[in-house]
Amino acid sequence: MGDTNGDGPAHNGGRSISLRRVSKVFLPAANARVKAIDDVSLLVPACQFVAIVGPSGCGKSTLLRLVDGLIMPDSGAVTIGNSGPAPGPGIGMMFQTVRLIPWRTVRDNVGFALEGGPLDRAERKARIETQLLQVGLGRWADHYPAQLSGGMQQRVALARALVGRPDVLLMDEPFASLDAQTRELMQEDLLALWSNHRPTVLFVTHSVDEALLLADRVIVMGRGKVLEDFLVHLPRPRTTADARQARTYGQLRDRLWSRIRALVLADPESAFFGRGGAQEPKRPQ
Amino acid sequence: MDRAYGNRRTSPLTVAMARLGLLVLLLALWWLASEHVSRNLIPSPPETANAALRLWLEGKLPGAIGTSLITYLGGFALATVAAVPLGIVMGAFGLLGRTLEVYVYALAATPRVAFIPLIIVVLGLGIEAKLFVVFLGAVMPIVINTYAGVRQADADLVEMARSVGARRARIFRAIVLPGAVPYILTGLRIGATIGLINTVVAELYTAVTGLGGLLALYGNTFRMAEYFVIVLTLAAIGVVVTEALRLLERRLTHWTKPTH
């Protein structure tokens, strides 16, 4: 878990993520067998921000669960830093839905990630307050999730993922359900927070623009495999407006989009394995 | 659930007024019926009120209420104390739950009156038998609802808890149990209703006492005004207990309200 959990320097950075020949099969129905992850090898250096794009059901969410240690691979090995994946505050996870505990206040939802950890009560409290201020929720600490807008709920989920000062941050289409404006604001905030502490990030998205705005590197997945893998050489800090004006941005966008388009068209089945199907099985076999 | 249908804009005062209005209407209808149906069958509201006052001053009504409440609340409390932990344990340990659930459902479907002869043989006609009859009625809905509440824990929240490193015990304490509270309270409400019915059943079938006893006495002797007093008293007890549980539910689930 987090080996540098104290109030050290802001840039204590992330841990590397490595997948060596990892496979994972799901059995969504009696006679169905889906290779969610098919012999994937991937090395993500510490502090890199990686966006993963690809059609629905291509194994992106499964990849994140494997890295978080929520599920185990059928074969191959996942390594975080120099140990195996273990769920905990050292790895921050944001799911497709906010997954806030409805009977807990914003403060206690964020604090949930620290409970059972090494911090004492006072440290925990200070950490939570700092985190809430960072995501702009200081005034809302005593509210319940049902009293917040969708964007604010996402902020709570983000704060919960960040409060353990994770050196790996896993985000599964976290902003997919937000309106365009809220989404842009959240993206800018995420970049600001990331540049603060520099965890290693795996960010799953359907949006080519989101991938190019946020990431150092974009991975295209399809049918459980990594199909493309390239670096995004755009200067940082990128704000939504000026990033889109760069020429390289347009070129990258075209390249990425044509690849995804081809993937989706070549594989009509991928739409069939949409959300809630093979992509997010509740009980992996 | 009234909150799901946008009733939250109706102020409590409006609801209270509407309820009061309906009460007045019902009283008027009752009065009208008492005037037009043969007097011996339906007593008028003033007659009933007089009977109530008389029964109260004679001490019959307070005594019967006391006796019945001891049976009712005692049996209900025993059922709660037994059923909530049982439902939780059944939900927590899958095999145990799956093993017991068939028997629980079977027992819940059997008319509880069927057990009364057996209960009388074993426990006699006194307070023990009465408490057990109430217990038997109230216990099943509480077990079943508690069990369902624990089983229907939000899988997404459980996964979230796992991802922050929570182990089984903490997930159960922080996610599963609080999530089951609304179910448990629903079980308590159903149990309270059936418990009241069984209180009267117990008082009719075992040693005739309490409100059930008075009900039989006045019913059999056609003292309809007194009989009405007992029926209304039972209704009032039912309303008070279920409203108290509703209030408790509202307090415990205050977090569902969208505004402060």
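Only a predicted model underlies this, so the values are computations on that prediction, with no experimental measurement involved. (Residues numbered from 1 in each chain as written. Chains lettered and ligands numbered in written order. Predicted model: local features only at pLDDT ≥ 70, side-chain atom pairs only at ≥ 80, totals over all residues. Heavy atoms only, no water.)

Undergrad: Give me helix α2 (residues 45-58) of chain B: which residues, what numbers.
TA: Residues and elements named next belong to chain B. For α2, which comprises 14 residues, the first-to-last C-alpha distance of 20 Å matches the rise-based estimate of 20 Å (1.5 Å per residue) to within 8%. Of the positions making up α2, those classed as buried are P45, T48, A51 and L55. Buried residues of α2, seen end-on, are gathered within an arc of 120° and therefore sit on one face of the element. Exposed positions of α2 whose direction lies more than 90 degrees from the buried face are L53 and L57. Buried residues belonging to α2 abut α1 (12-36), α3 (60-92), α9 (210-220) and α10 (224-252). Phi turns positive one or two residues past the end of α2, at G59, with a value near 85°. (Helix = DSSP H or I, 4+ residues; strand = E, 2+ residues; numbered from the N terminus. Expected span 1.5 Å × (residues − 1). Buried < 20%, exposed > 50% of the residue type's maximum accessible area, 1.4 Å probe, protein only. Arc of directions from axis to C-beta. Contact = heavy atoms within 4.5 Å.)

Undergrad: Could you give me a rundown of the sheet that holds strand β3 (residues 49-53) of chain A, with the residues and numbers involved?
TA: Residue and element names in this part refer to chain A. Across the sheet, six strands lie side by side as β5-β6-β7-β3-β8-β9; this open sheet has mixed pairing. Because the sheet does not close on itself, it has two edges, and the strands there are β5 (91-94) and β9 (225-231). Mean inter-strand twist for the sheet, computed between neighbouring axes without regard to direction, equals 15°. Relative to β9, strand β8 (residues 217-222) runs antiparallel, the two being bridged by six bridges. Of the residues in β9, the one forming a bridge with V220 is E228. The sheet contacts of helix α1 (residues 60-68) involve β3, β5, β6 (168-172), β7 (200-204) and β8, and relative to β6 the element is tilted by about 155°. Packing against the sheet, helix α8 (residues 247-266) makes contact with β3, β8 and β9, and its axis sits at approximately 175° to β9. (Pairing = 2+ DSSP bridges. Axes fitted to C-alpha atoms, helices over the stretch in contact; angles between N-to-C directions.)

Undergrad: Break down the confidence of the model for chain B for me, with residues and values.
TA: With 95% of its residues at a pLDDT of 70 or more, chain B has an overall mean of 89. Scored as a complex, the prediction yields pTM 0.81 and ipTM 0.84. (pLDDT = per-residue confidence, 0-100.)

Undergrad: Give me the interface of chain B and chain A: which residues, what numbers.
TA: How big an interface is tends to be stated in terms of accessible area lost as the parts join. Counting residues at the interface gives 22 residues for chain B, matched by 26 residues for chain A. Area buried by chain B at its contact with chain A is led by B:M160, B:S163 and B:W255, which between them contribute 27% of it. If you look at where chain B meets chain A, you find four salt bridges. For B:E159, the salt bridge identified is with A:R99, shortest N-O distance 2.6 Å. Taken together, the links from chain B to chain A amount to seven residue pairs in polar contact (both at pLDDT 80 or more). Those elements that place two or more of their residues in the side of chain B that touches chain A are α7 (155-163) and α8 (168-205) of chain B. Examining the composition of the side of chain B that touches chain A, we find that eight residues originate from one element, α7(B), more than from any other. Among the residues making up the side of chain B that touches chain A, the classes are represented as ten nonpolar, seven polar and five charged. (Buried area = accessible area lost by both parts, 1.4 Å probe. Salt bridge = Lys/Arg side-chain N within 4 Å of Asp/Glu carboxyl O. Polar contact = N/O pair within 3.5 Å; in protein donor to acceptor, adjacent residues only side chain to side chain. Nonpolar A, V, L, I, M, F, W, Y, C, P; charged D, E, K, R; others polar.)

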